[in-house]
Amino acid sequence: MLGLGPEEWQAVLLSLKVSFWATLVSLPFGVICAMALARGQFIGRDVLNWLVHLPLVLPPVVTGYLLLLSFGRRGPVGGFLYDTFGVTFAFQWTGAALAAAIMAFPLMVRAMRLAIEAVDPKLEEAAATLGASRLRVFTSVTLPLILPGIIAGAVLAFAKAMGEFGATITFVSNIPGETRTVPSAIYAFLQVPGGEDAALRLVVVAVFIAVAALILSEWLSRRVARRIAGK
């Protein structure tokens, strides 16, 4: 594809790996958070809403620095994880996945929340009056209806994770083969003479993946919606 060199392929594959795990791990938390914000009535709901959307308004570098303070080996969370389990996030690809997940989380939750709010509560209430438990109501009524929103949120999060740069480079640096994702590689190539062609090739790849993700999101959402309507 586009005559990508080994270093460029390495960045593309690492970006796909980081984005995949960032989306997969954050998906259940996104559903729970979206349900809480859409249907929950509890003290601290507004605070939760602010925290979820905070990465959208904070400069990405600030988010990355906060992650470094918290999840670095000397940070409260990172120090505990390293001393107890030998797990470290700073300057590792897992840290890039964590940063990407946090930056993409608001988009994921927003799409899911809108889908949940569009579901008529009377449908869930009807299932509950027939003796279904809350879990059964969610799996048999709510989940099928919000599935297009979940898919859309997951794909948008994946695309956002592919393009994440500021928080990632601040938290895990720009280490070739370990934390150098496509955006970081583009930045690195633009800093050296003669690197413009490589940077342009990666830009084309990034645009292609982003557009493909948006098209896939729309197609899957419509397909699931048609199946639900046909039942």
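Right above here is the structure, for reference.
Residues numbered from 1 in each chain as written. Predicted model: local features only at pLDDT ≥ 70, side-chain atom pairs only at ≥ 80, totals over all residues. Heavy atoms only, no water.

1. Side note on the nonpolar core
Next, step 1: Of all hydrophobic cores here, the largest spans 18 residues; its most connected members are V18 and F171.
Next, step 2: Only α1 (6-39), α5 (93-117) and α8 (166-172) provide two or more residues apiece to this core.
Next, step 3: Among the elements that take part in this core, α5 stands out by supplying 7 residues, more than any other.
Next, step 4: Excluding residues within four positions of it along the chain, V18 makes contact with W93, A96, A97, A100 and T181.
Next, step 5: Ranked by size, the runner-up nonpolar core spans 17 residues in total, among them V31, L37, F105 and A157. (Core = buried A, V, L, I, M, F, W, Y, C linked by side-chain atoms within 4.5 Å. Buried < 20%, exposed > 50% of the residue type's maximum accessible area, 1.4 Å probe, protein only. Helix = DSSP H or I, 4+ residues; strand = E, 2+ residues; numbered from the N terminus. Contact = heavy atoms within 4.5 Å.)

2. Side note on the packing of aromatic side chains
Next, step 1: Inspection of every chain in the model, using the stated rule, returns 4 aromatic pairs.
Next, step 2: Here the aromatic rings of F71 and F89 are separated by 5.8 Å at their centres, their planes lie at 80°, and the arrangement is edge-to-face. One end of the pair, F71, is in helix α3 (residues 60-71); the other, F89, is in the loop between α4 (76-85) and α5, with 18 residues separating them in the sequence.
Next, step 3: Judged by relative accessible area, which is 19%, F89 ranks as buried.
Next, step 4: Positioned over the ring face of W93 is K17, at 4.1 Å from the centre of the ring.
Next, step 5: Across from the ring centre of Y82, 4.2 Å away, lies the NZ or CZ of R73, which sits over that ring. (Phe/Tyr/Trp six-rings, centres within 6.5 Å; stacked < 30°, edge-to-face > 60°. Lys NZ or Arg CZ within 6 Å of the ring centre and 35° of its normal.)

3. Quick word on α5
Next, step 1: With 25 residues, α5 ought to run about 36 Å at 1.5 Å a step, and its terminal C-alpha atoms sit 35 Å apart, in line with that.
Next, step 2: Its maximal kink placed at A104, α5 deviates by approximately 45°, while the proline P106 follows within four residues.
Next, step 3: With 18 of its 25 residues buried, α5 lies for the most part within the structure. (Expected span 1.5 Å × (residues − 1). Bend = angle between axes of the 7 residues up to and from the residue.)

4. As for the packing of α5 against helix α7 (residues 134-163)
Next, step 1: Contact geometry for α5 and α7: axes closest at 8 Å, N-to-C directions at 160°. Judged on the interaxial angle alone, α7 and α5 are roughly antiparallel. When you trace α5 past α7, the crossing you get is right-handed. Facing α5, whose interface residues are A100, M103, A104, L107, M108, A111, M112, A115 and I116, α7 presents I146, G149, I150, A152, G153, A154, A157, K160 and A161.
Next, step 2: For the contact of α5 with α7, the per-class residue count stands at 15 nonpolar, 2 polar and 1 charged. (Axes fitted to C-alpha atoms, helices over the stretch in contact; angles between N-to-C directions. Parallel < 35°, antiparallel > 145°, perpendicular 65-115°, else oblique. Left-handed = near helix turned anticlockwise from the far one by under 90°. Nonpolar A, V, L, I, M, F, W, Y, C, P; charged D, E, K, R; others polar.)

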